[in-house]
Amino acid sequence: MLTRRHFIQTTTALFSATVANPVFADSWPTEAQKAEWDAQVSPPGFDPATSNPWGLHPRFLPQRVDAKDGLVPGDIHVDAVARYLYHIEEGGTAMRYGVAIARGNLYEPGVYNIKRKVRWPHWTPTQNMIERDPVNAQWADGMEPGPENALGSRALYLYVGDRDTYLRIHGTPYPRSIGGRASSGCVRMVMAHINELYPNVEIGSTAHLYSAEDSVTARS
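Residues numbered from 1 in each chain as written. Predicted model: local features only at pLDDT ≥ 70, side-chain atom pairs only at ≥ 80, totals over all residues. Heavy atoms only, no water.

Per an unreviewed UniProt entry, the chain carries the name L,D-transpeptidase and comes from Pseudooceanicola lipolyticus. Listed in UniProt under the heading Pathway (unreviewed entry), the comment for the chain reads: "Cell wall biogenesis; peptidoglycan biosynthesis." As stated in UniProt under Sequence similarities (unreviewed entry), the record for the chain gives "Belongs to the YkuD family." (UniProt positions renumbered as here; feature names shortened; annotations may be inferred.)

What about the pattern of salt bridges?
Scanning the model with the defined rule gives seven salt bridges in all. Note that Arg119 and Asp38 form a salt bridge whose closest N and O atoms lie 2.8 Å from each other. Highlighted residues: Arg119 in strand β6 (residues 110–119) and Asp38 in helix α1 (residues 31–41), separated in sequence by 81 residues. The class of Arg119 is partly exposed, set by a relative accessible area of 24%. The exposure class of Asp38 is buried, given its relative accessible area of 14%. Ionic pairing is found between Lys115 and Asp162, a salt bridge with its closest N-O pair at 2.7 Å. Taken as a pair, Lys115 in strand β6 and Asp162 in the loop between β7 (154–160) and β8 (163–172) lie far apart in primary sequence, 47 residues in all. Residue Lys115 is classed as partly exposed on the basis of its relative accessible area of 34%. The network of salt bridges with common partners includes Glu31, Lys34, Asp38, Arg119 and Arg154. (Salt bridge = Lys/Arg side-chain N within 4 Å of Asp/Glu carboxyl O. Helix = DSSP H or I, 4+ residues; strand = E, 2+ residues; numbered from the N terminus. Buried < 20%, exposed > 50% of the residue type's maximum accessible area, 1.4 Å probe, protein only.)

Take a look at the structure:
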């Protein structure tokens, strides 16, 4: 199990997710439509460190922090207790973002490989999601991309070997869930924040999801 000995030292010190299926709905947006949606979900004059129309606790805003020696640049670490996602950078730093994690026992700690990433993805609920929440049955054939899509503006797809786990790190149309436990398994981020993270994450990177019971907390 991943524990606090593996993690990150910072100068300050909180995280829900949605499970999705890779089956596609019918259409893909044009580049112009994607750009329009990007503008729609980003505040005017967006500054990641200060823009906060969502009313988040300030500690959930993106911040560059010091990283513990030996962590691999490019990797992602999710602290389920503090509700933080860290993206490790070259030079001993990391970008830290506030996130939400899965509710109850749906959160799945472990080590995953990011084998796919999509800008403005489709979303299809799994059968388990439909059984837990029958309202999701209306999207059994897939939800088209857009600002109301459950995966939001960006999605990073988590695999174990060649097996798609149906876990994602993704944007959310419910930014006020950040810092809580709300999803069906995934890690949620504010759409404007994952838009900043997305181009810096390479296919093949490793994502470490730490236990919600025995996780790392950020230290001041």
